[in-house]
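Below, each chain spelled out in residue letters.
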Amino acid sequence: MTTPHHPIAIIGGGLSGLVAARVLHVAGIEATIFELDASPEARTQGGMLDIHDDSGQLALRAAGLHDDFRALVHPGGESLRILGPDGTVHISEEDDGTGGRPEVDRGDLRDLLLRSLPEGTIRWGSKMTGVRPLGDGRHEVTFADGSAITTDLLVGGDGAWSRVRPLVSDARPAYTGITFVETDLYDADTRHPRSAAVIGGGSFMCLGDRRAMLAHRETDGSLHVYTALRADEDWADTVDTKDPAALKAAVLAHFANWDESLRALVADADGTPTLRRIHALPVGHRWERTPGVTLLGDAAHLMSPFAGEGANLAMHDGAEFARAVAAHPGDAEAGLAAYEAGMFRRAEASAAESAASLESMFGDHGLEDLVAFFSQGPAAA
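Structural notes, computed from the coordinates.

Definitions and cut-offs
- Numbering of residues begins from 1 in every chain and follows the order in which that chain's sequence is written.
- Residue-level local features of this predicted model are given only where pLDDT is at least 70; pairs of side-chain atoms are given and counted only at 80 or more, and the full residue set underlies all totals for whole chains, interfaces and linings.
- Only heavy atoms go into the side-chain values, all of them from the structure, while hydrogens and water stay out.
- Numbering of helices and strands runs from the N terminus, with a helix taken as a DSSP run of H or I at least four residues long and a strand as a DSSP run of E at least two residues long.
- Three labels apply to residues, based on accessible area from a 1.4 Å probe with only protein chains included: buried if under 20% of the type maximum, exposed if over 50%, partly exposed otherwise in between.
- Whenever a carboxyl oxygen of Asp or Glu lies within 4 Å of a side-chain nitrogen of Lys or Arg, that contact is scored as a salt bridge.
- Whether a set of points on the 1 Å grid over the protein atoms alone is a cavity depends on a 1.4 Å probe fitting there but being unable to get out, while an open set qualifies as a pocket with protein on both sides within 12 Å along at least five of seven lines; lining residues are those with an atom within 4 Å of a point.
- Grid points are joined across faces, edges and corners, and a volume is the space filled by probe spheres set on the points.
- Each residue receives one of three labels: charged for Asp, Glu, Lys and Arg, nonpolar for Ala, Val, Leu, Ile, Met, Phe, Trp, Tyr, Cys and Pro, and polar for the others, Gly being one of them.
- To pair, rings of Phe, Tyr and Trp, with the six-membered ring standing in for Trp, must have centres within 6.5 Å; the planes then decide the type, stacked if under 30 degrees apart, edge-to-face if over 60, and tilted in the middle.
- We define the nonpolar core as a collection of buried residues of types Ala, Val, Leu, Ile, Met, Phe, Trp, Tyr and Cys that are connected through side-chain atoms lying within 4.5 Å of one another.
- By the convention used here, residues are in contact when the closest approach between their heavy atoms is within 4.5 Å.

Moving on, we get to unusual backbone geometry. Although it is not a glycine, Asp187 sits at a positive phi angle of roughly 45°. Here Asp187 shows up in the loop between β11 (174-185) and α5 (188-191). Asp187 gets classed as partly exposed once you look at its relative accessible area, which sits at 42%. In this structure, Asp209 is a non-glycine residue whose phi angle is positive, near 60°. Along the chain, the position of Asp209 falls in the loop between β12 (203-208) and β13 (211-217).

In structure tokens, the structure reads:
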């Protein structure tokens, strides 16, 4: 039986892969995405994203979707509140609609990209299990169901623990020293009015004692909270993640001196908190040009979230990859070389910013540094 061949195979249906496929489609170039999830509804996407005018929005313009994106923007989402651990409000800014980083629900943005692709572009339920070079830049990819494909151009958009990355690099993500505990408060204005008032209409940050509480108001009226700790890598293994009360108590033990209105963001949370260790690839991660393969997004430059660049860079990667391929018909290697040169520069700058922001936010003067940064005005953010 002949192995199916796909000229361009994108592994991973995240934002980077979806944008890449869409911009290629706009250019009249066919690509196929192989996605682990069984369907678009397999898991919730959740979380608010601020889409930057100099990266993520450029990608959406290249995809011909910027007007549709604007219709999804969360009114008031660019408002910001910064508090200290004692509950003192240091900064409170309303969204006046003039900012360059409008907020959108990740799931809504993903749905927009999914609808923009021709039927059959995404092969759902395709868990990649192996890959081998065939020579001349071609590769064979195998999947968990026993199927296989060949491709002329293999694109790894498969996230932090990419299975494509080892083809070009030995680098592996390292733990940054920060662990997130994520919680949700549903129907906040009605069921959690005190917490709703603390968070406000958009983004919220509270820093102190080398710890943080970061939050967003979601488009469905819920509050999504990221409680961040400097912790040993194995700390998450010492708590009972199946017992919500015990897990909340373990987290709140690190915030004993914080104001009760802040502790309530964890204590009153609905459902079971989720623990997530934050990893990053080395700042400046890059590789030698490897025929027939490249990486997008977290697969290429996983970084901590403390500069807000990850999703925007991923989308920018997807668009710039597709534009470079389209600009070099018949010479994929020239297109990949052009894409990677620009991507390496952008990623190194953003990764350095993210690493520096982590050290500042979780340092001894995190709150003071954050307030000083945002007090410089809109251009600073």
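Moving on from the coordinates now.
Turning our eyes to something else, we now look at the pattern of salt bridges. Evaluation of the coordinates by the stated rule reveals 14 salt bridges. We note a salt bridge from Asp237 to Arg277, for which the minimum N-O separation is 2.9 Å. Placement of Asp237 in the loop between β14 (223-230) and α7 (244-252) and of Arg277 in strand β15 (residues 270-280) is noted, with a sequence separation of 40 residues between them. Assessed through its relative accessible area of 58%, Asp237 is described here as exposed. We classify Arg277 as partly exposed; its relative accessible area is 28%. When the shortest N-O distance is used, the salt bridge between Glu260 and Arg263 registers 3.2 Å. Of this pair, Glu260 and Arg263 both sit in helix α8 (residues 260-267), separated by three residues, roughly a single helical turn. Exposure remark for Arg263: the relative accessible area of 17% places this residue in the buried category. Three or more residues joined by partner-sharing salt bridges are found here, namely Arg289, Glu333 and Glu340.

Attention shifts here to empty space enclosed by the protein. Taken as a whole and assessed by the stated rule, the structure comprises one cavity of 30 Å³ or more. In this model, the largest cavity occupies a volume close to 50 Å³. In this structure, the largest cavity is lined by Leu281, Pro282, Val283, Gly284, His285, His301, Leu302, Ala347, Glu348 and Ala351. When residues in the lining of the largest cavity are grouped by element, the largest group, three residues, is from helix α11 (residues 332-361). Among the residues forming the lining of the largest cavity, the class breakdown is six nonpolar, three polar and one charged.

Counted under the stated rule, the structure contains eight aromatic pairs. Pairing Phe34 with Phe143 gives two aromatic rings, centres 5.2 Å apart and planes at 25°, and the pair type is stacked. Placement of the pair is Phe34 in strand β2 (residues 32-34) and Phe143 in strand β9 (residues 138-143), with a sequence separation of 109 residues. With a relative accessible area of 5%, Phe143 lands in the buried category. An aromatic cluster is built from Phe180, Tyr226, Phe306 and Phe362, whose rings are joined through pairwise contacts.

Let's shift gears to the nonpolar core. Most often, soluble globular proteins keep nonpolar side chains buried together rather than apart. One finds Ile8, Ile10, Ile51, Leu109, Met315 and Phe321 to be the most contacted residues of the largest nonpolar core, which totals 57 residues. Ignoring anything within four residues of it in the chain, the contact list for Ile51 reads Gly56, Gln57, Leu60, Phe69, Gly100, Arg101, Pro102, Val104, Leu109, Asn312 and Met315. With 27 residues, the next largest nonpolar core counts Leu229, Val239, Val251 and Phe255 among its residues.

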